[in-house]
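Coordinate analysis (summary)
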There are 2 protein chains.
Amino acid sequence: MEIERFVSLSQGEWRSMRSGHSLAFQQFEEVLSTIQIKKLSLKDADVVKLIKSSPNIINKPLSPFRIDWKSESDWSDENSPNLSTGSCLLIPIPNSHQKGILLRSLGYTEPIRTISNYCFLSDGTFQLETKYQNTIAEERIWFISKTVRCRASVTKSAESLGILQTSFASEVKIIQA
Amino acid sequence: MEIERFVSLSQGEWRSMRSGHSLAFQQFEEVLSTIQIKKLSLKDADVVKLIKSSPNIINKPLSPFRIDWKSESDWSDENSPNLSTGSCLLIPIPNSHQKGILLRSLGYTEPIRTISNYCFLSDGTFQLETKYQNTIAEERIWFISKTVRCRASVTKSAESLGILQTSFASEVKIIQA
């Protein structure tokens, strides 16, 4: 399965540089992070719990994994401190070799549980679409070597489909899983 | 032809936010640009000249265009001033619906004439590889709406294939051609 290979390549500890672009205001945000990605067993208690609590799961889950991160942004205010940490459980459920859904314990643009649609492009780029309450996020992740990957995202308004923000991360693997 | 559609969508004036990531030093560069993209006739004198001076052109050129830009970077030193302008002539020469070569009067990472290889991914993303003397540049450009496009690039050492830099631009069309 394409998704198994993607999760295997992603496993490990990454040092990430991320740039956010606010298009309306032409503002840049710079974020430095360390990201840990770890494959989990399908018998892991949290995995079992998230699958059980998700409606209408017909196909077989595959290669669940957990992402933990610590980030430091050059932006900060009272509502968003410049240091943040987080953790997220992700469970792919393929419906074909190239496509499927992804259960997430926590979303990317809004901190709620989500179900994303994913597919792989012809060059192996992983593409992900997530509908939140107020926004739609489109992400694409591609490997440019075994130890460097890129991650580009676009956030749109769910109502107007206007593009709010883009972001791009360059991620270098510093510890092999 | 896929390339004709791509050039038509690209025509116009764009406001660009670009972030450069130097991976070894974890340094960010921020660049604001305006970019003009204009389709040219195959009879344009500069187009005819560039084709004539390029060796081994077998297939038919299609949708030549010119890019003019003005950029302002937050980096500067004696060798690279923070304000720059430039102009580049580009001539696609498809060898199939999805693939071909691209003649450029000026390269992206080194200011020399180049021949790039291009292809389109399954979602329409335009992918470009250019071999320079010291570096290899891989670019991908994709439209997220008719008026917003993203451009990600990776620069590798031609000798070691080590990844030197990545960059990402978010481009908003401000004037339709």
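Now for a quick tour of the structure. Along each chain, numbering runs from 1 in the same order as the chain's sequence is written. To label them, take the chains in the order written and letter them from A, then take the ligands in the order written and number them from 1. Whole-chain, interface and lining totals are the exception, using all residues; otherwise, since this is a predicted model, local features are given only for residues with pLDDT of at least 70 and side-chain atom pairs are given and counted only at 80 or more. The side-chain figures draw on all heavy atoms in the structure; neither hydrogens nor water molecules are used.

1. Describing the pattern of salt bridges
Here, a salt bridge means any Lys or Arg side-chain nitrogen found within 4 Å of an Asp or Glu carboxyl oxygen. A complete count under the given rule lists 14 salt bridges over all chains for this structure. In this structure, the salt-bridge partner of Arg151(A) is Glu171(A), at a minimum N-O distance of 2.8 Å. You can see Arg151(A) sitting in strand β9 (residues 148–157) and its partner Glu171(A) sitting in strand β10 (residues 163–176), a full 20 residues away along the chain. Like Glu171(A), Arg151(A) is buried. In this structure, Glu139(B) and Arg104(B) form a salt bridge, with 2.7 Å as the shortest nitrogen-oxygen distance. Of this pair, Glu139(B) sits in strand β8 (residues 135–143) while Arg104(B) sits in strand β5 (residues 99–104), and the two are 35 residues apart along the sequence. Here the two residues Glu139(B) and Arg104(B) agree in accessibility, since each one is buried. Strands here are runs of E lasting at least two residues and helices are runs of H or I lasting at least four, both read from the DSSP assignment and numbered beginning at the N terminus. Exposed residues in this analysis have more than 50% of their type's maximum accessible area, buried residues have under 20%, and partly exposed residues fall in between, with area computed by a 1.4 Å probe over protein chains only.

2. Let's talk about the sheet that holds strand β1 (residues 12–22) of chain B
All names here are of chain B. One closed barrel holds the 10 strands; their spatial order is β1-β2-β3-β4-β5-β6-β7-β8-β9-β10, and the pairing between them is antiparallel. On average, each strand axis in the sheet is inclined to that of its neighbour by 25 degrees, with strand direction left out of account. Sheet topology places β5 next to strand β6 (residues 114–120); 6 bridges connect them, and they run antiparallel. Among the inter-strand pairings, leucine 103 is bridged to a residue of β6, identified as isoleucine 115. The criterion used for residue contact is that any of the two residues' heavy atoms lie within 4.5 Å. In this description, a line fitted to the C-alpha atoms serves as the axis of each element, helices being fitted only across the stretch in contact, and the angle between N-to-C directions of two axes falls anywhere from 0 to 180 degrees. Relative to the sheet, helix α2 (residues 45–52) contacts β3 (65–73), β4 (83–94) and β5, its axis offset from that of β4 by approximately 65 degrees. DSSP calls a pair of strands paired once it identifies at least 2 bridges connecting them.

3. Details of the packing of aromatic side chains
For Phe, Tyr and Trp, where Trp contributes only its six-membered ring, two rings pair if their centres lie within 6.5 Å, and the inter-plane angle classes them as stacked under 30 degrees, edge-to-face over 60, or tilted in between. With the rule as written, the count across this model stands at 18 aromatic pairs over all chains. Seen in terms of ring centroids, Tyr118(A) and Phe126(A) are 5.5 Å apart; in terms of plane orientation they differ by 40 degrees. Their pairing is tilted. With respect to burial, Tyr118(A) and Phe126(A) carry one shared label: buried. Here the aromatic rings of Phe168(A) and Phe168(B) are separated by 5.0 Å at their centres, their planes lie at 10 degrees, and the arrangement is stacked. Taken together, the positions of Phe168(A) in strand β10 and Phe168(B) in strand β10 (residues 163–176) put the pair across two chains. For the pair shown, Phe168(A) and Phe168(B) are each scored as buried. Taken together, the ring pairs in this structure connect Phe6(A), Trp14(A), Tyr118(A), Phe120(A), Phe126(A) and Phe143(A) into an aromatic cluster. Should the NZ of a Lys or the CZ of an Arg lie within 6 Å of a ring centre and within 35 degrees of the ring normal, that charge is described as sitting over the ring. In this structure, Arg149(A) packs its charged tip against the face of Trp14(A), placed 5.3 Å from the ring centre.

4. A short note on the nonpolar core
Remark: nonpolar core denotes a set of buried residues (Ala, Val, Leu, Ile, Met, Phe, Trp, Tyr, Cys) joined through side-chain atoms within 4.5 Å. Trp142(A), Ile144(A), Phe168(A), Trp142(B), Ile144(B) and Phe168(B) are the most contacted members of the largest nonpolar core, which totals 24 residues. At the level of elements, β9 and β10 of chain A together with β9 (148–157) and β10 of chain B are the ones that each hand at least two residues to this core. Contacts of Ile144(B), omitting those with residues within four sequence positions, involve Val154(A), Lys156(A), Ile163(A), Thr166(A), Arg149(B) and Cys150(B).

5. Structural notes on the environment of Gly12(A)
All names here are of chain A. Tracing the backbone through its elements, the reader meets glycine 12 in strand β1 (residues 12–22). You can call glycine 12 buried: its relative accessible area is 8%. Once you skip the residues sitting within four places of it in the chain, glycine 12 turns out to touch Ile35, Gln36, Ile37, Ile175, Gln176 and Ala177.

6. Here we look at the side chain of Lys156(A)
Tracing the sequence through the fold places Lys156(A) in strand β9. Under the rule applied, a polar contact is a pair of N or O atoms within 3.5 Å (in protein, one hydrogen donor and one hydrogen acceptor; residues adjacent in sequence only if both atoms are side-chain atoms). Engagement of the side chain of Lys156(A) in a polar contact is seen with the side chain of Glu138(A), the distance being 3.3 Å. Those residues within four positions of Lys156(A) in sequence are excluded, and the remaining contacts are Asn134(A), Thr135(A), Ile136(A), Glu138(A), Leu161(A), Gly162(A), Ile163(A), Leu164(A) and Ile144(B).

7. Quick word on helix α1 (residues 2–10) of chain A
Residue and element names in this part refer to chain A. Within α1, burial applies to Glu2, Ile3, Phe6, Val7, Leu9 and Ser10. One side of α1 carries all its buried residues, which in axial view fall inside an arc of 160 degrees. One or two positions beyond α1, positive phi appears at glycine 12, with a value near 130 degrees. Throughout, the arc means that of the directions going from the helix axis to the C-beta atoms.

8. Quick look at the interface of chain A and chain B
On the chain B side, the residues contacting the 35 residues of chain A number 35 residues. Here's the idea: put two parts together, see how much 1.4 Å probe accessible area each one loses, and the total over both is what we call buried area. When chain A packs against chain B, close to 3000 Å² is buried across both sides, 66% of that on carbon and sulfur atoms. Counting the surface chain A buries against chain B, the share from its top three residues, Met17(A), Gln26(A) and Phe28(A), is 23%. Summed over the shared surface of chain A and chain B, the result is 2 salt bridges. Those elements giving two or more residues to the side of chain A that touches chain B turn out to be β1, β2 (27–39), β8 (135–143), β9 and β10 of chain A. Charged residues are taken to be Asp, Glu, Lys and Arg, nonpolar residues to be Ala, Val, Leu, Ile, Met, Phe, Trp, Tyr, Cys and Pro, and polar residues to be all remaining types, Gly included. Residues that form the side of chain A that touches chain B fall into these classes: 16 nonpolar, 13 polar and 6 charged.

9. Some details on the relation of the copies chain A and chain B
The copies are overlaid by a least-squares fit using only the C-alpha atoms of residues whose pLDDT is at least 70 in both copies. Of the transformation superimposing chain A on chain B, the axial component is 0.0 Å and the angular component is 180 degrees, with the fit at an RMSD of 0.0 Å. The two molecules are tied by a two-fold rotation axis, judged by turn and shift. Residue Ser122(A), judged by its C-alpha, is the member of chain A lying nearest the rotation axis, at 2.7 Å. Of the residues that chain A buries at the interface, 100% are likewise interface residues in chain B, meaning the two copies contact each other through the same surface.

10. Comments concerning unusual backbone geometry
It is generally the case that most residues other than glycine have a negative phi and that most peptide bonds are trans. All names here are of chain A. Phi at asparagine 56 is positive, roughly 55 degrees, even though this residue is not glycine. With respect to the secondary-structure elements, asparagine 56 resides in the loop between α2 (45–52) and β3 (65–73). Take asparagine 56: its relative accessible area is 72%, and that puts it in the exposed class.

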